[in-house]
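Understanding the architecture of this molecule
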Amino acid sequence: MSATPVPTPLLDAPGLPAGAADIRLIVTDMDGTLLDDAQRIPDGLWPMLAELRRRGVLFSPASGRQYATLARQFADVAEGMVFIAENGTYVVRDGVELSSDPLAGSAAAGVVRTVRRLVADGVDAGAVVCGKRSAYVERTDEAFLAEVRKYYVEHRIVEDVTAVDDDVIKVAVFDFGPAERSTAPALAPFAATHKVVVSGEHWVDVMNRTADKGAALRGLQTALGITPAQTMVFGDYLNDLEMLDAAEWSFAMANAHPEVVHRARHLAPSNNDAGVLRTITRVLGL
């Protein structure tokens, strides 16, 4: 059995064109990809977005973050931008829903009950029920809420997250420890009927089996008449795998999870080295 080939480093990649490539859509994950480790957007992105718009290239953030959070981060340039939010379960453009994949209430409640049992057994974790209008939490300590606020600017503390009146699109679980070692195994039984994905070092998301960033991206490509050959994608973690498959110009960040590195066609500089911007500049000849 042959080993999986490692993608070619960006600055040494013979597959990259000498001139500008015909790119019509650029999709990037946020945390660990576009954002540096301090969760800052590179200053150079703003003039780049103006040039991409001038060239007719659509730039689309694709994140586990909620739509309200993404819209606030890009408020000054949001017009016409497509936001692939909540790991692809909610796609919005100019405040109008393009697609969504709601989660059944019974499934969401089952995940919440599992998290409650983990907490009772001493696991330092908490569930975030993600609706279209807001995120909902039961846990009220500041340490947990500080993590929630990073990704869910619209959130509410409620007595029972299984009883919220909203269209639930996923349940996110934050674990203060390594999510792959504790909460992910506990949620593994849901993988028989739903998608359970480790979306960060401390986060696990449970969604419908039909929901992921790749499905959202393919729907967007179809709607806009854009091909995988005209699509550039950047990612760093396991929730980015499917969208890497939807683009011929797929890039794993140098800091990416090993599975992401092996799945992508090319390797970009790290998130702390403005890897997304450097790659766009190189491939599009900016």
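Note that the structure is a prediction, hence the values are computed from the model and not measured. (Residues numbered from 1 in each chain as written. Predicted model: local features only at pLDDT ≥ 70, side-chain atom pairs only at ≥ 80, totals over all residues. Heavy atoms only, no water.)

1. A few points about the confidence of the model for the chain
On average, residues of the chain score 91 in pLDDT, and 93% of them reach the 70 mark or higher. At the low end of the mean pLDDT range in the chain sits strand 1 (residues 8–9), at 53; at the high end sits strand 2 (residues 25–28), at 98. Confidence drops under a pLDDT of 50 for residues 1–5, and excluding neighbours within four residues, the segment shows two contacts in the predicted structure. (pLDDT = per-residue confidence, 0-100. Helix = DSSP H or I, 4+ residues; strand = E, 2+ residues; numbered from the N terminus. Contact = heavy atoms within 4.5 Å.)

2. Focus on the environment of Asn239
Structurally, Asn239 is set in the loop between strand 13 (231–235) and helix 8 (241–245). You can call Asn239 buried: its relative accessible area is 6%. Once the C-alpha coordinates of Asn239 and Val204 are considered, the two residues, 35 residues apart in sequence, prove to be 9.4 Å apart. Apart from residues no more than four positions distant in its own chain, Asn239 is found in contact with Asn87, Val197, Val198, Ser199 and Lys213. A distance of 2.7 Å separates a polar atom in the side chain of Asn239 from a polar atom in the side chain of Asn87. (Buried < 20%, exposed > 50% of the residue type's maximum accessible area, 1.4 Å probe, protein only. Polar contact = N/O pair within 3.5 Å; in protein donor to acceptor, adjacent residues only side chain to side chain.)

3. Overview of the pattern of salt bridges
Counted according to the given criterion, the structure contains 21 salt bridges. The salt bridge partner of Lys150 is Glu147, with a shortest N-O separation of 3.1 Å. With a gap of three residues between them, Lys150 and Glu147 both fall in helix 5 (residues 142–151), about one helical turn apart. Looking at Lys150, the relative accessible area reads 34%, which means it is partly exposed. Here Glu147 falls in the buried class, since its relative accessible area comes to 18%. (Salt bridge = Lys/Arg side-chain N within 4 Å of Asp/Glu carboxyl O.)

4. A few points about the sheet that holds strand 5 (residues 90–93)
Reading across the sheet, the three strands line up as 4-5-6 and stay open at both edges, with antiparallel pairing between neighbours. Of all strands in the sheet, those bounded by a partner on one side alone are strand 4 (82–85) and strand 6 (96–100). Pairs of neighbouring strands in the sheet enclose a mean axial angle of 20 degrees, with direction left out of account. With four bridges connecting them, strand 4 and strand 5 associate as antiparallel partners. Bridging from a neighbouring strand, Val82 pairs with Arg93 of strand 5. Across the sheet, helix 7 (residues 213–224) touches strand 4, strand 5 and strand 6, and the angle it forms with strand 4 is around 155 degrees. (Pairing = 2+ DSSP bridges. Axes fitted to C-alpha atoms, helices over the stretch in contact; angles between N-to-C directions.)

5. Some thoughts on the packing of helix 2 (residues 45–55) against helix 10 (residues 275–284)
Each pair of packed helices gets described by two things: the angle between the helix axes and the distance between those axes. At their nearest, the axes of helix 2 and helix 10 sit 11 Å apart, and the two run at 35 degrees to each other. Note on packing geometry: the crossing formed by helix 2 with helix 10 is left-handed. Contacts from Leu45, Met48, Leu52 and Arg55 of helix 2 reach helix 10 at Leu277, Ile280, Thr281 and Leu284. For the contact of helix 2 with helix 10, a count of residues per class yields six nonpolar, one polar and one charged. (Left-handed = near helix turned anticlockwise from the far one by under 90°. Nonpolar A, V, L, I, M, F, W, Y, C, P; charged D, E, K, R; others polar.)

6. Structural notes on the side chain of Asp212
Looking at where Asp212 falls in the secondary structure, it is placed in the loop between strand 12 (203–208) and helix 7. Residue Asp212 is classed as buried on the basis of its relative accessible area of 10%. In this structure the side chain of Asp212 is engaged in a polar contact, spanning 2.5 Å, whose partner is the side chain of Lys195. A polar side-chain atom of Asp212 sits 2.8 Å from the main-chain amide nitrogen of Gly214. Discounting chain neighbours no more than four positions away, the residues touching Asp212 are Asn87, Gly88, Lys195 and Glu242.

7. Observations regarding the nonpolar core
Among the nonpolar cores identified, the biggest contains 50 residues, and Val27, Val111 and Val129 are the most heavily contacted of them. Not counting the four nearest positions on each side in its chain, Val129 is found in contact with Val112, Ser134, Ala135, Tyr136, Val161, Val164, Val168, Lys170 and Val171. Judged by nonpolar contacts, the second largest core, of 31 residues, contains Val57, Met81, Met253 and Val283. (Core = buried A, V, L, I, M, F, W, Y, C linked by side-chain atoms within 4.5 Å.)

8. Quick notes on the packing of aromatic side chains
This model, assessed by the stated rule, comprises ten aromatic pairs. Between Trp46 and Phe74, the aromatic rings sit 5.9 Å apart at their centres with planes inclined by 65 degrees, giving edge-to-face as the arrangement. Within this pair, whereas Trp46 is found in helix 2, its partner Phe74 is found in the loop between helix 3 (67–73) and strand 4, the two being separated by 28 residues in sequence. Assessed through its relative accessible area of 0%, Phe74 is described here as buried. Where Tyr151 meets Trp203, the ring centres are 5.4 Å apart and the plane angle is 80 degrees; that geometry is what we call edge-to-face. Placement of the pair is Tyr151 in helix 5 and Trp203 in strand 12, with a sequence separation of 52 residues. (Phe/Tyr/Trp six-rings, centres within 6.5 Å; stacked < 30°, edge-to-face > 60°.)

9. Observations regarding the sheet that holds strand 9 (residues 155–157)
One open sheet holds the six strands; their spatial order is 9-8-7-10-12-11, and the pairing between them is mixed. Sheet topology places strand 9 and strand 11 (194–200) at the edges, where each strand pairs with a single neighbour. On average, adjacent strands in this sheet sit at an angle of 25 degrees to one another, irrespective of strand direction. Pairing analysis gives three bridges linking strand 8 (residues 135–137) to strand 9, with the strands arranged parallel. Counted as the bridge partner of Ala135 is His155 from strand 9. Against the sheet, helix 5 contacts strand 7 (125–131), strand 8, strand 9, strand 10 (168–175) and strand 12, and its axis sits at roughly 30 degrees relative to strand 7.

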